[in-house]
Amino acid sequence: MKAFPPDKVTLERIFEWARDRIENGPDPRNGAQTNAVLQDRMSGSITTKGLSGTEAFALFTDVIAPSTRPFNHPTSLAFVAAAPTPASFGMDIALSAAEIFAGNWDGGSGAIHAENQALAWLANLAGWSDKAGGVFVSGGTMGNLSALHAARVSYRSEHDNPALGLQILCSDEAHSSIEAVAKVMDATIVKVPTDSNGVMSASAARQVLESSDAVFVIVANAGATNCGAIDDLPGLAALAQEKNIWLHVDGAYGLAAMASPHTRTAFNGIEKADSFIVDPHKWLFAPYDSCALVYRDAAKGAQAHGQKGAYLDTLDKSEWNPSDYALHLTRRARGLPLWFSLVSYGTDAYATAIDQTVSVANAIAEGIKAQDGLELVLGPQLTVILFKTTRLSPTEVDDWAEKQRRSGALLCLPTTWRDQKVLRICVVNPQTDAEYVLGVLKTLA
Ligand SMILES: Cc1ncc(COP(=O)(O)O)c(C=O)c1O
């Protein structure tokens, strides 16, 4: 008797549910539940004898899924949401069933080859040669950590002043993950003040760099999370080169826009960076979780990473082993959904989808400008817009945001910009309808 016999009826229900969800998307009214409600509805679900498959799956469809935020709905405009393509979702399901070990070539050569094609597409967009390469990791935080570790190893191989604590230079708009990475690495951060658009200039970076003693990496934003700013990449690349330090570009959100020739020019200078990250699960239309980490010279990634152990001695070191390029060993071939989607739709479809989101953001910004009672504060920078209402108090704004979220009308949340409370929109979904969004925003005015 099989230890875990398959339950065909439940499997069919799962596939049916997945197909419906991919075709029709989530219910925008879904959202977090309190722990007490979840406790009430799910207590006793793990039992010695197990529930029936139907009962177990009903917990997922009726309790778990509705208690999650519907990030890929076109009305989800907070944080950096998601908009995976149907093809990428489909491949994610197949990938789960294929159970590929993609940590090394031996376990996952076919999948790794495909992932490397997707990474090469990105490296090529950055203007990098075939010396470039990397790996898909779980998210931007892990990508930043792995890149900065490689930067430190590279720095240490060329500088012999280990007595000094090492420093990461980034802008005051750098993502919170850089601070988290610094803590893990026991490094300190030196912050460069940004201009009124949230951009770090090379001259401001130089000033801070020249009064610091052990900066091993400059982290540039290519699409800052809060405001969409792209730092002065050509200037920072020249500065990094002059000082012989690593330039890492955090493009977790923004670098997706390299996929369109219309927005690619905004990233000029990236050719000279040493590493970048971009999350396909943000604006590259792939599901959670994936971050493409790419090194301009992949060998520098391999110098810093990789694990050794007697049980790994049989691995073929002459082939591409993804575990050599980041902090991990076992890994899912999480780049495959992006690869499959690129193969299915073609890269032109990506350029068009990026252009479409940019024009939706532009249309929303124009509408805000034209609306009495609303004021455009910043943007759009890429697809991030900051704006405020001139009529409601900060508490009323919170109430408004909560009401829109609960009703499923719009997920648009407040943030802080230059000490004032503003509302923030970030568009990553080509299906977002500017007119609809403006209709909801009108209720603020
Ligand atoms: C610019 C930037 N960097 C890094 C991250 C961290 O990425 P993740 O949430 O995938 O760890 C984010 C996430 O929003 C981001 O916007």
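Residues numbered from 1 in each chain as written. Predicted model: local features only at pLDDT ≥ 70, side-chain atom pairs only at ≥ 80, totals over all residues. Heavy atoms only, no water.

Caption draft 1: How the structure looks around the domain arrangement of the chain. Its domain assignment divides the chain into domain 1 (1–30 + 32–66), domain 2 (91–344) and domain 3 (348–444). Taking the mean C-alpha position of each, domain 1 and domain 2 sit 36 Å from one another. (Domains from an automatic or database assignment.)

Caption draft 2: Structural view of the environment of Gln303. By the element assignment, Gln303 lies in helix α12 (residues 298–304). Here the alpha-carbon distance between Gln303 and Thr263, two residues 40 residues apart in the chain, equals 33 Å. (Helix = DSSP H or I, 4+ residues; strand = E, 2+ residues; numbered from the N terminus.)

Caption draft 3: View of the sheet that holds strand β1 (residues 133–137). Taken together, 7 strands build an open sheet; the order of strands is β1-β7-β6-β5-β4-β2-β3 and the sheet is mixed. Sheet topology places β1 and β3 (188–192) at the edges, where each strand pairs with a single neighbour. The average undirected angle you get between the axes of adjacent strands in this sheet is 20 degrees. Pairing of strand β4 (residues 215–221) with strand β5 (residues 246–250), which is carried by 5 bridges, proceeds in the parallel orientation. Bridge pairing links Val219 to His248 in β5. (Pairing = 2+ DSSP bridges. Axes fitted to C-alpha atoms, helices over the stretch in contact; angles between N-to-C directions.)

Caption draft 4: Here's a closer look at the side chain of His305. Note that His305 resides in the loop between α12 and α13 (336–345). Within the structure, the side chain of His305 is placed 2.9 Å from the backbone oxygen of Ser146, a separation counted as a polar contact. If sequence neighbours within four positions are ignored, His305 has contacts with Ser146, His149, Ala150, Tyr295, Ser323, Asp324, Tyr325, Ala326 and Leu327. (Polar contact = N/O pair within 3.5 Å; in protein donor to acceptor, adjacent residues only side chain to side chain. Contact = heavy atoms within 4.5 Å.)

Caption draft 5: Spatial organisation of the site of the ligand. Near the ligand you find 13 residues, and of these Gly140, Thr141, Thr225, Asp250 and Asp279 are the closest. Asp279 is positioned such that a nitrogen or oxygen atom in its side chain is 2.9 Å from an oxygen atom of the ligand. Measuring from an oxygen atom of the ligand, one finds a side-chain N or O atom of His281 at 3.2 Å. For the ligand, the accessible surface in isolation is 390 Å², of which the surrounding protein chains cover 83%. (Near = heavy atom within 4 Å. Areas by Shrake-Rupley, 256 points an atom, 1.4 Å probe, with all protein chains shown as cover.)

Caption draft 6: Structural detail: the nonpolar core. By size, the foremost hydrophobic cluster in this structure holds 99 residues, and its most contacted members are Leu169, Phe267, Ile270, Phe276 and Trp283. Residue-level mapping places this core at the junction of two domains, with at least three residues from each of domain 2 (91–344) and domain 3 (348–444). If near-sequence neighbours (up to four positions away) are discounted, Leu169 is found in contact with Val190, Val192, Met200, Ala205, Val208, Leu209, Val215, Val217, Ile218 and Val219. Residues Val360, Ile368, Ile425 and Val427 belong to the second largest nonpolar core, which totals 23 residues. (Core = buried A, V, L, I, M, F, W, Y, C linked by side-chain atoms within 4.5 Å. Buried < 20%, exposed > 50% of the residue type's maximum accessible area, 1.4 Å probe, protein only.)

Caption draft 7: Here's a closer look at unusual backbone geometry. The peptide bond linking Tyr288 to Asp289 adopts the cis configuration, its omega dihedral lying at -10 degrees. Here the bond from Gly379 into Pro380 is cis, since omega is 0 degrees, no more than 30 degrees from zero. Although it is not a glycine, Phe79 adopts a positive phi angle of roughly 45 degrees.

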